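Architecture at a glance
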Amino acid sequence: MKILGIESSCDETAASVVEDGRKVLSSVVFSQADIHSPFNGVVPEIASRNHALKILGVIEKAIGDGGLSEVDAIAVTEGPGLIGALLVGISTAKSLAFSLRLPIIAVNHILAHAYAPHLTNEIPFPYIALVVSGGHTLLYRVDGFQQMTRIGSTIDDACGEAYDKVSKMLGLGYPGGKIVDDMAARGDENFLDLPRGLRDDERDRYNFSYSGIKTAVAFRLKKKGIELPIQNPTESKTVWDVCASFQKTAIDLLLRKTKNAVTDTKINRVVISGGVAANSRLRAELAKWRGVETYMAALPYCGDNAAMVAGRAFVDFQANRISDFSLDAFSRLSALKKGKRAPRKKH
Ligand code: KG4
Ligand code: ZN
């Protein structure tokens, strides 16, 4: 079964044809990063307009010479994401499905990210999934594609969001994750002493917090008498050192909370996905874990792409789970990424 996937939730316009949930026949991603970078973040209206401009060209490239006649179903990201951006993909997908009389499958963006490692790996259940991107930082216990239980999340900023904010603070540009990751490789990770994020107590064993770490970077710099902006930041030793210190703290927090989940559930299998799964420290540290099977999304499928949408749609279609469009779409400031925390127990 060949599924055409369409993704337009943020600033990537993407289309892909995937056969039987695993065989990626094409994956085309048009990134708007250069368009948004002067604004140091994604401007929703500009994103929507550019999706409208690019979407048919991207789909055309993805379907190639075979055209739409070989496609058996259409899948599209229904949310969460920027509503105007999502509507471009959804309307295009609905029109195609309607005119071709094909089934349409609505796909949740986070479930699509979580599926991405399955495109390139044979992964048995159960496992602990870490989905970490610019909008989300989530831990799941996964017992099957339809049995995913959220066990933790960020209570404020997402990890990728913190990378983007630190990058902006240092004058390194948007999107910041890859730049900060590259700069970190040249710096001293002990330059700044940063808070480790949330405690490992009962309430927050699987939760994350990034807002305080990002703010601490600004305070520590001020305390050291370092003035921002730093001229020619990519060549500054101070910037490399700040990036290395932030990266160590940000990634160690992800690893620590994931380890808590592994220890408590005794599920010795970890799967990571989302834009931040491309991070070099996260991948290197995870690869060192002994006694735990680790799987990572392949680099082309970490950031937003449509292969993960078509892949996830296949397993939903097989399970007869063709969701209606709930249009459960909201901005990055949504409640979804905020963990609901029980009050701390009084002793
Ligand atoms: O999954 P994605 O493309 O979009 C969302 O759904 O948010 O993730 C984008 C996020 C951005 O915040 C970006 O800075 C971050 O992933 N990112 C990274 C790296 N590459 C991308 N963060 C840390 N290290 C990286 N190498
Ligand atoms: Zn995403």
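Scroll up a little and you will see the structure.
The structure contained in this document is the topic of the report that follows. (Residues numbered from 1 in each chain as written. Chains lettered and ligands numbered in written order. Predicted model: local features only at pLDDT ≥ 70, side-chain atom pairs only at ≥ 80, totals over all residues. Heavy atoms only, no water.)

A word on the packing of aromatic side chains
- Evaluated as defined, the whole model comprises four aromatic pairs.
- Ring plane angle 75 degrees and centroid distance 4.9 Å describe the contact between Y163 and F246, whose orientation is recorded as edge-to-face. In this pair, Y163 is assigned in helix α5 (residues 159-169) and F246 in helix α8 (residues 237-265), connecting sequence segments 83 residues apart. Each of the two residues, Y163 as well as F246, counts as buried.
- One aromatic cluster in this structure is built from Y115, F125, Y127 and F145.
- Over the face of the ring belonging to F98 we find R101, whose NZ or CZ atom lies 4.8 Å from the ring centre. (Phe/Tyr/Trp six-rings, centres within 6.5 Å; stacked < 30°, edge-to-face > 60°. Helix = DSSP H or I, 4+ residues; strand = E, 2+ residues; numbered from the N terminus. Buried < 20%, exposed > 50% of the residue type's maximum accessible area, 1.4 Å probe, protein only. Lys NZ or Arg CZ within 6 Å of the ring centre and 35° of its normal.)

Let's talk about the coordination of the zinc ion (ligand 2)
- All of the protein donors around the zinc ion (ligand 2) are H109 (NE2), H113 (NE2) and D304 (OD); their distances to the metal are 2.0 to 2.1 Å.
- Coordination at the zinc ion (ligand 2) is tetrahedral: its four donor atoms span angles of 94 to 127 degrees at the metal.
- Counting along the primary sequence, the residues that act as donors to the zinc ion (ligand 2) give the motif H-x3-H-x190-D. Residue H109 and its partner H113 are located together in helix α4 (residues 109-115), separated by four residues, close to a single helical turn. Accessibility classification places H109 together with H113 in one group, the buried group. (Donors = N, O, S within 2.8 Å, 3.2 Å for Na, K, Ca; no water. Tetrahedral: all angles 85-135°; square planar, octahedral: opposite > 155°, others 65-115°.)

As for the site of ligand 1
- H113, G134, D164, G177 and N279 are the nearest of the 20 residues found near ligand 1.
- Here an oxygen atom of ligand 1 and a backbone polar atom of G134 are 2.8 Å apart.
- Within the contact set of ligand 1, a nitrogen atom lies 2.9 Å away from a side-chain nitrogen or oxygen of N279.
- Relative to its free-state accessible area of 550 Å², ligand 1 is covered by the protein chains to the extent of 89%.
- When each cavity is represented as a set of grid points, ligand 1 is found to reside in the largest pocket.
- Of all the secondary-structure elements, those providing two or more residues to the shell around ligand 1 are α4, α5 and α6 (176-184).
- Grouping the amino acids of the shell around ligand 1 by side-chain chemistry returns four nonpolar, eleven polar and five charged. (Near = heavy atom within 4 Å. Polar contact = N/O pair within 3.5 Å; in protein donor to acceptor, adjacent residues only side chain to side chain. Areas by Shrake-Rupley, 256 points an atom, 1.4 Å probe, with all protein chains shown as cover. 1 Å grid on protein atoms, 1.4 Å probe; cavity = no way out; pocket = protein on both sides within 12 Å on 5 of 7 lines; lining within 4 Å. Sits in = over half its atoms within 2 Å of the grid points. Nonpolar A, V, L, I, M, F, W, Y, C, P; charged D, E, K, R; others polar.)

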